[in-house]
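# Overview (structure and organization)
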Amino acid sequence: PRLLSQFFFADERVTRVVAEINGLDAELDPQQYLVLLNQLHLSQAQLLAVLERIMEECIPTQRHSRDYLVKFPEELMVDNLGNHMLFAAECLLAGTFLELEESDGAQLRPRARNLLCSLELVRTVLREQSLSQPNCYPESVRAVLIQFDRLFAEFELSYVSSLVAVKSPDEIYRQQEIIVLFCETVERALHLGYLTQEMIDGYEPLLMFTIPRLAIISGLLIYPEGPLSLERSPEEMSRVFSPFYNLLKKIRDLLRVLSAEELCLLERSLCTAE
């Protein structure tokens, strides 16, 4: 159950697979090479998972900030992102730039080298600690972990920023505005009886359509200074809504001519229509 013991065996698996890959002629046996490469990715993922738990136990208050993750596109936020970063660093160090421009890859290569060197130092230090005193983390171990955590975060942010367009602070703020709008829409719909708490607690599938529809009306009429404010230019709106700027204007103009009773009838119908 001790994390350092788990790390020792996870590290042994990585070492064994690497040794098998180094002893194999990939050209003579390409299928076995692919099998071992897959085993390497799996064993590295296990190693990183244990290392993450060790850092949470050993340096919980000294972890490098990961606030930058909110800037990443949602499709990148997967469980194996850390393993992908490690693979990317290994490729960069080998001179393979994958999907990066050559100039970007050249700039990232020193960061990749520092990260991989730090990882090797972490592996060495933790192996020695697991064999000597597996129940404690001396200051020398903490220092190595803090350095690795910082280098990993810096490489992750730099690599992803070179690969895709990360969200700007303005875009993040606009997304937060949308979250607030949806929360206020739900609160208003509950108050007016359009929705029930039972529907929300039961994850009623119809809500996936109902809440966004009601949020558009709320954003255009009830909270006109929010994220759907048409006083902004399309470029100033969230990318969720900016492509529909002209359509939203037409919807707002139509909504403005409705009476209170007609608006209520419209909103109720949006809660039931498919």
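Everything quoted here is computed from the prediction, not taken from an experiment.

Bringing the overall build of the protein into the picture now. Scanning the protein for helices and strands turns up ten helices and zero strands. Going residue by residue from the N terminus, the α and β elements of the protein occur as α-α-α-α-α-α-α-α-α-α. Here the C-alpha atoms of the protein give a radius of gyration of 26 Å, more than 25% beyond the 19 Å that 2.2 N^0.38 yields for 274 residues. Once the C-alpha set of the protein is aligned to its principal axes, its extents read approximately 75 × 45 × 35 Å. Within the span of the protein, comprising 274 residues, buried residues form 38% of the whole. Accessible area for the protein stands at about 16,000 Å²; split by element, carbon and sulfur atoms hold 56% of it. Of the charged side chains in the protein, 25 are positive and 41 negative; the average position of the first set lies 3 Å away from that of the second.

Looking now at helix α6 (residues 169–192). The end-to-end C-alpha separation of α6 is 35 Å, in line with the 34 Å expected for 24 residues at 1.5 Å each. Residues of α6 that are buried: Glu171, Ile172, Arg174, Glu177, Ile178, Leu181, Thr185, Val186, Arg188 and Ala189. Just downstream of α6 lies Gly193, where phi reads positive at about 85°.

Relative to the assigned elements, Ser162 resides in helix α5 (residues 139–163). Residue class for Ser162 comes out partly exposed when judged on its relative accessible area of 28%. The spatial distance from the C-alpha of Ser162 to the C-alpha of Asp104 is 6.6 Å, given a sequence separation of 58 residues. For Ser162, the contacting residues outside a window of four places in its chain are Leu100, Asp104 and Leu108.

Here helix α4 (residues 102–132) is 31 residues long and its end C-alpha atoms lie 44 Å apart, about the 45 Å a rise of 1.5 Å per residue gives. At Leu108, α4 is deflected by roughly 35°, the largest bend along its length, and proline Pro110 occurs up to four residues later in sequence.

Before going further, it helps to spend a moment on the packing of helix α3 (residues 81–93) against α5. At a minimum axis distance of 10 Å, the contact between α3 and α5 shows a crossing angle of 80°. The angle between α3 and α5 falls in the class roughly perpendicular. Where α3 approaches α5, its residues Leu81, Gly82, His84, Met85, Ala88, Ala89 and Leu92 are matched on the opposing element by Phe152, Phe155, Glu156, Tyr159 and Val160.

Looking now at the environment of Gln107. Looking at where Gln107 falls in the secondary structure, it is placed in helix α4. Separated by 62 residues in sequence, Gln107 and Ala45 have C-alpha atoms that sit 26 Å apart.

Pairing between side chains of opposite charge can happen when their charged atoms approach one another. Using the criterion set out here, one finds twelve salt bridges in the structure. Arg150 is the salt-bridge partner of Glu154, the closest N and O atoms lying 3.4 Å from each other. In this pair, Glu154 and Arg150 are both assigned in helix α5, four residues apart and thus about one turn of the helix distant. Exposure remark for Glu154: the relative accessible area of 25% places this residue in the partly exposed category. Here Arg150 falls in the partly exposed class, since its relative accessible area comes to 34%.

Definitions and limits used
- Residues numbered from 1 in each chain as written.
- Predicted model: local features only at pLDDT ≥ 70, side-chain atom pairs only at ≥ 80, totals over all residues.
- Heavy atoms only, no water.
- Helix = DSSP H or I, 4+ residues; strand = E, 2+ residues; numbered from the N terminus.
- Rg over C-alpha atoms; globule rule 2.2 N^0.38 Å.
- Buried < 20%, exposed > 50% of the residue type's maximum accessible area, 1.4 Å probe, protein only.
- Areas by Shrake-Rupley, 256 points an atom, 1.4 Å probe, with all protein chains shown as cover.
- Lys, Arg positive; Asp, Glu negative; His and termini not counted.
- Charge placed at Lys NZ, Arg CZ, Asp CG, Glu CD.
- Expected span 1.5 Å × (residues − 1).
- Contact = heavy atoms within 4.5 Å.
- Bend = angle between axes of the 7 residues up to and from the residue.
- Axes fitted to C-alpha atoms, helices over the stretch in contact; angles between N-to-C directions.
- Parallel < 35°, antiparallel > 145°, perpendicular 65-115°, else oblique.
- Salt bridge = Lys/Arg side-chain N within 4 Å of Asp/Glu carboxyl O.

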